[in-house]
Each structure stands twice: as C-alpha cells, then as structure tokens.
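Residues per chain, in single letters:
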Amino acid sequence: MPSPRPPHLRRRDLLVGGLAGLAVTAAAAESTRAVWDAATGASFPEPPRTGPVHFQIGAHADDCLYFVNPRVARLLEDGADLCTVVLTAGEADGRNTWDTAAPVDYAGYAAARGNGLRRAYAHMALGDPDAPWDRRRATLDSGQDVELCVLRDRPGVHLVLCSLWTNLGRVTGEFTRLLALWEGRLDAAAVLAPADSPLTSESTVDRATVRASLVELLERYAPVAVNTLDPDPDPVVGERLGAEQDGFSDHIDHTAAALFAWDAVTAWGGAKAVESWRGYYNRRWPGNLGPADLEAKGGALDAYAWADGGGCGHAAGCGDRLIVGPGAGTTYGHASHPRYTQAVAAVDRDGEILPAAVRGDRAAILRGGDWEDLGGPPLLPALTRAGNRLYAIGPGFARDPEDHVRELHCLDLDTGEWTGLGNPAGTGGPARTVGQPAAADDGTTAVACLRHPDGGLAVRTRTGTAWSEWTRLDGPPVHEAPAAYGAAGAFTIVAATPGNTAAWEGDGTTWTHRDLDLPGPDGAVHIPASAVTAAQGPDGRAVIASRAAGGSDVVLHYGRGETWTGTVVPLEGGLLAPAVAIGPDGALAVACDDGSGAPAVLVLSLADLDHGGPYTLLSRPWTRGDVTVLKRPAAAFGSDGTLRLWALAADGELWTAQAGPGAPPPVGWAPAA
C-alpha cells in the first residue's frame, strides 16, 4: 500500500501448585460485546490485508497509549492496519479504585483494563469509544490461547490479549513478574482470565511458548513496522516510581516485554522498521508534545480511563479508574520519546549522495534503485555517518543480565571493513545504557562517542590506523544521544542534559567541558525537549537544533564558543529531533515531523540565524510532505546546492524528495527504490 494519505485524511510449569484452588473473585457480567467461540478455542484467523500493518508489543493495556501514542493515533488517521499485543493481565492489586478498603477482584480489574483499551482504540479509529468489538478465544500454533479482539467497523484493527498473571506473588508470596520468566527464574506464568473474557484460567505459559507465540503473530501479521517498549531503560535517577526494577528507571514488566519483543523480532527477521519507546523515564524529560499531540494522546487515555463515566454494561467497569488525568497527565504522559530515530544516513559515494539505512537488522545502501547489503553484524535501527564511516550498535539480548551485549561497530565505506569498537562498560547491565552513537571526522582524525554507564559520555579516537581505548569524559549525565561535528582538528560534542545543553570541545585526545547556556525565551537557558542535532558551517560556526521544552517548536542555535543566537520556528506537533544540513551557499535545511506525522521541511539561510539578538521568533511556513514518516528524515545538499531528502515512511519503505538550488522544499515525495 502506498504511504501517502488518502484524500479524506491529512495524510508455559508453574512454581506454585494448586492454582485451580486459588480463590479469585470474579464479577459475573454479561458482555455487551459479541464473543465468538467463547467455550472452545478456535484456530487463529487470517488477518485482513487492507493496508500496511503496524504491530505493537506491550506489557500492560495502557502502555501503547502512554508511551507509543500519539504515533498510534496518527497511524490510524492515516488508514494503517494495527495489531497490538498485550502480554500481561495487568491485574495489579485487583482494585479498580484508589480505595484500598475495596474488595480485591483481580479478574475484574483485568477486565476493566481490557474494556478501556478497546474503548481507546475505538475512539482513535472511529471517534466512538463505544463502537462494538468482536472477541474470541483463539489458539495459536504455539499452543497458547489468546483473546483476539477485532474492531467490527474497522476490522483491520486488532488487539491480542495474552493475559499472563505476572503479579501472582500477591497471592502466593512468590516472585512471578514477567522479567523472571524472561530470565528463567520462573518456569511458567499462569493465565488470569479477565471477567467476561473468552479465555480460561486453567493454563500456564512458559518462556519458550511466549517467544513462539510472538514470532508466530509476527509471521501472521507480517507488519511493516514494530513498536516495542524500551529494552534498555536508563539507570534510576532520583526518586523511584512504583514497580521500577533494581537499577533501572522503568517498570519491570515494560523491560521484560521489550526483551521478549526484540527477541521475537530478531527471530522473525522480517521487520522493515523497529522502534523502542521510553517508559517511566519520560517523567525526567521535559514535555515534548504540542497541543494537538497532547489532545490525541489525552483523548485516548481519557477513553481508556472511562473518564466520561457513561453507562456501562460491564460489572467490572468500562475502564481503568487508576489513571490520573485528565488527558495525558503530567507524570510521564506529557512526553513520548522513541529511542532509535536516526534511521537514514546520507553518504557521498563517487560524487553521488546515497542513502544508507538499517533495514531489518542489516546495514544497506541504496544505489541505482536497489539495496546493497553492506555486510557486518546485526544492528539496532540507528545509523550515524561521519566522513567515510558508518557507526551503529550491534545488540545481544540475553536471558542472563550479565550477558547483554551492546557493541559499537564501524564500517569503512572505502574498504568495506567492519571494526568492532566495543562498549565503554563491556557487557551486562551497564552496557545497555549507551544509546545511539555520535561521530565526527575531519579527514585525519575520527571520533566516536557513546553515553557512558554513569550517564555521561565516553569517546574513542582514531588517528592513523588505530583506535584509542574508551575514555570517560568529565561532565554531567546526558539524557540522550549526543551530536558531534569537527574540522581541522577541532571537535565538539553536544548533548542535552536535564537542565542545559552541554558541550565537550577538544582535539580528539584532550577535552574540556562546559554548559553552553544557550539562550532561551525571556532570558532563560534553553532546555531541549529531546535529543539535539548539529551541523557545522563553512566558517566554523555551528547550528544546534532541538525541540523546545513543553511543546514541539523547533529551536535553532547558531554560533560557537560562548556566542550563540537562538531562533524559534513555530511548528505544531511532531516527536522527532530535527535533522539539519548546511549547503555550499549557506543554505540551511531543517527536517523533522509535524503533528500529522508528515515530514516538515524548512530551508533558511544561515544569515537568518545571525540576527544579533539572543533569542527571537522566526515565523516561516514549513513545507509538509505527502507521506507519514516513522523516523527522523535525513537531509543533505549536493555540491551544486541541490537538496536531497529521505525518510522511512509508514509503508516501511524509504521515500525521497529533492529541490533544486534555491528552490523551496518539495511537497511531493516518491519511493526511493
């Protein structure tokens, strides 16, 4: 299916015995939704093929709503088919209320969350949270029974509820979280059948079955893109939030679900695009959603929370009453942060600018309309170019927490040789914090940079034919992937910190650090809402691009040393840090996404940023492309000033556009291959 918008759119053995004897309170209710084959399981039906399928794998009913949205809402607006898999019942303490004196009803609360999830998806897909669903118990070839929910009036929208009772320890006293199943400390998880569900509770599911089920579902739905939670959450900083695991700042089930998901995606091998989304750590970021995105996200959460309090035919309730709102709230719903956004790199080969990308888990370059495999190891879906080298992370998702691998790899595009650069923390838990790489190359010296396990930065430098060892740089913890640039032996690395933008400057061997104190509104210091990007101009001055905290406007800082100007360019909506490219004549291209998911492109002159004031507003119209993008667009200027653009679109393919020297950015995008 093509990616442009339709015309009417903007574009397994349980360690606890006697499970059947457990007293579990379940509210008896007659479902107002149609239930197919509720008494006996049936084979899993063939999914519809009405459009490109996007696939979400989460732990709890609200994960996709809090952490992936507004992406889900935008894809539904764009006409895509979706399947969301929820691994656990999310039964918590069995109370759909903040009143701790209320009776415990695990099956009832699980049912209420399922009802809320269906309401949220119906709201996003049809504008009617009470639209009917068809529900059935379906048996996968793996042997696992799941509940399949199909939105009747939009049958390309599916929910698959596995309903694993991962917090059974509240009843048994044993540790039964999903992470224990992943790591092999739990033989099997019980199924908690929600009240009114076609599922039954006389079953357990082991680790191998969960894995086989996810692989099977991926094979059945053949999605073009898969969204997961974060397999590598940041270390705990400050006060912990409930259910955060030891050492990591996210819910213990979120991380386990993400590890199961990445394991299955790797085994399947058919995904064109994969993305991981931050969980609880969002509360340590500034908000990055503009009003339209907050409305889309908050509206779905309100439907999930049954905020309208309308009549309900379910004794368990029609939503999750533990949601603190209204809308997206202020804890972690005010931000949505994808982890692997830098999917495309522009490379110069024989005078031609070509796009390189990680497709599935392989690096490839598009030449003459065909993708050429660049060899090398399996990679995470983020790619960085500096000079004639590409940099990416090779992962190993392990059951034993000490065996995790996240290794930086470098490809010399001239020789085709891959070099493993390792990880500043080796293997295990600390290795998981490196994030996306940054790199710079002046033709003589190359610098590669990752986040250090303590939250700061570490670098390796290549001079001659050898790389140095990893060096930890003095300086503060950074939120996200840094950006780097350099020329003539002078390098700069910049990164967003919780309260500033930090810079490290040096020759590749010796570095100094300082906070940039980039100008913000009303004399305040600018705080980026997400990762920063950067490009260096011909005279040594650089452009640092980011999103404004508390919204989605793009902010461009121009300068060097201690002298910077700030320019804010309003943009409604979008999640991705802006890509920037500087042309031979001083033209500046800025490319990101807008609130509809379209690529938003702006071409300025560097002179527009050299206004002398500390911070100013520049109102310029953005050119909106006619595709929906999943990753940050890539931009590059040719030697003649031609602007080339690429983006991974919602059909899973690479799309491109270009504009001649001095011409405005193009609206029409076309498949690149």
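Anything mentioned here points back to the structure above.
What you are looking at is a predicted structure, and each value in this text was computed from that prediction instead of being measured.

Student: Please give an account of the state of the cysteines that cites residues and values.
Tutor: Here the structure, examined in full by the defined rule, presents one disulfide. Here C312 engages in a disulfide with C318; their sulfurs sit 2.0 Å apart. Taking the sign of the S-S torsion, about 85° here, the bridge from C312 to C318 comes out right-handed. Using a relative accessible area of 27% as the deciding quantity, one classes C312 as partly exposed. Between C162, a cysteine without a disulfide, and C83, which holds the nearest cysteine sulfur, the sulfur-to-sulfur distance is 9.5 Å.

Student: Give me the lowdown on the sheet that holds strand β32 (residues 563-569), citing residues and values where you can.
Tutor: Reading across the sheet, the five strands line up as β29-β30-β31-β32-β36 and stay open at both edges, with mixed pairing between neighbours. Taken across any chain shown, the strands that pair with only one partner, and hence form the sheet edges, are β29 (533-536) and β36 (615-617). Averaged over all adjacent pairs, the angle separating strand axes in this sheet is 20°, with direction ignored. Pairing of β32 with β36 involves three bridges; the strand directions are parallel. Counterpart to G566 in the pairing with β36 is Y615.

Student: Could you give me a rundown of unusual backbone geometry, with the residues and numbers involved?
Tutor: With omega at 15°, the peptide bond leading from N69 into P70 counts as cis. Examined against the element boundaries, P70 turns out to sit in the loop between α1 (63-68) and α2 (71-77). With an omega dihedral of 5°, the bond running from G325 to P326 counts as a cis peptide bond. Looking at the secondary structure, you find P326 in the loop between α8 (291-304) and β12 (344-349). A positive phi is found at S163, a non-glycine position, where the angle reads about 55°. Given a relative accessible area of 3%, S163 falls into the buried group.

Student: Could you give me a rundown of the nonpolar core, with the residues and numbers involved?
Tutor: One finds L65, L87, L117, Y121 and Y391 to be the most contacted residues of the largest nonpolar core, which totals 109 residues. Once residues lying within four places of it in the same chain are set aside, the contact partners of Y121 are Q56, C64, L65, V72, L76, T84, W133, L151, V157 and L159. Counting residues in each nonpolar core, the second largest holds 20 residues, with L556, A600, L609 and L618 among its members.

Student: Mind laying out the pairing of strand β3 (residues 53-58), listing which residues take part and the relevant values?
Tutor: In regular strands, side chains alternate between the two faces of the sheet. Judged by how many residues are buried, β3 sits mostly within the fold: six of six residues are covered. Here β3 shows no split at all, with V53, F55 and I57 on one side and H54, Q56 and G58 on the other all buried. For β3 and strand β10 (residues 225-229), the ladder comprises four bridges, and the chain directions are parallel. Following the sheet pairing, I57 is matched in β10 by T228.

Student: Tell me about the environment of F491, and name the residues and values.
Tutor: With respect to the helices and strands, the residue F491 is situated in strand β26 (residues 490-497). It is 30 Å that separates the C-alpha atoms of F491 and G375, two residues lying 116 residues apart in sequence.

Student: Before we move on, could you go through the sheet that holds strand β39 (residues 643-648) and cite the residues and values that matter?
Tutor: Across the sheet, which stays open at both edges, the four strands sit in the order β38-β39-β40-β41 with antiparallel pairing between neighbours. Bordering the open sheet on either side are β38 (634-637) and β41 (670-671), each of which pairs with just one other strand. Relative to β39, β38 is paired through four bridges, and the arrangement is antiparallel. Paired with A634 across the strands is W646, a residue of β39.

Student: Hey, could you go over the pattern of salt bridges for me, with residue numbers and the actual values?
Tutor: Following the criterion strictly, the structure yields 40 salt bridges and no others. Salt-bridge contacts for R283 lead to E244; the nearest nitrogen and oxygen are separated by 3.4 Å. Taken together, the residues span a long stretch of sequence, with R283 in the loop between β11 (273-277) and α8 and E244 in the loop between β10 and α7 (252-268) at a distance of 39 residues. Note that K631 is salt-bridged to E275, the shortest N-O span being 2.9 Å. Taken as a pair, K631 in the loop between β37 (623-624) and β38 and E275 in strand β11 lie far apart in primary sequence, 356 residues in all. By relative accessible area, K631 is classed as buried at 2%.

Parameters and conventions
Residues numbered from 1 in each chain as written. Predicted model: local features only at pLDDT ≥ 70, side-chain atom pairs only at ≥ 80, totals over all residues. Heavy atoms only, no water. Disulfide = S-S within 2.5 Å. Buried < 20%, exposed > 50% of the residue type's maximum accessible area, 1.4 Å probe, protein only. Pairing = 2+ DSSP bridges. Helix = DSSP H or I, 4+ residues; strand = E, 2+ residues; numbered from the N terminus. Axes fitted to C-alpha atoms, helices over the stretch in contact; angles between N-to-C directions. Core = buried A, V, L, I, M, F, W, Y, C linked by side-chain atoms within 4.5 Å. Contact = heavy atoms within 4.5 Å. Salt bridge = Lys/Arg side-chain N within 4 Å of Asp/Glu carboxyl O.

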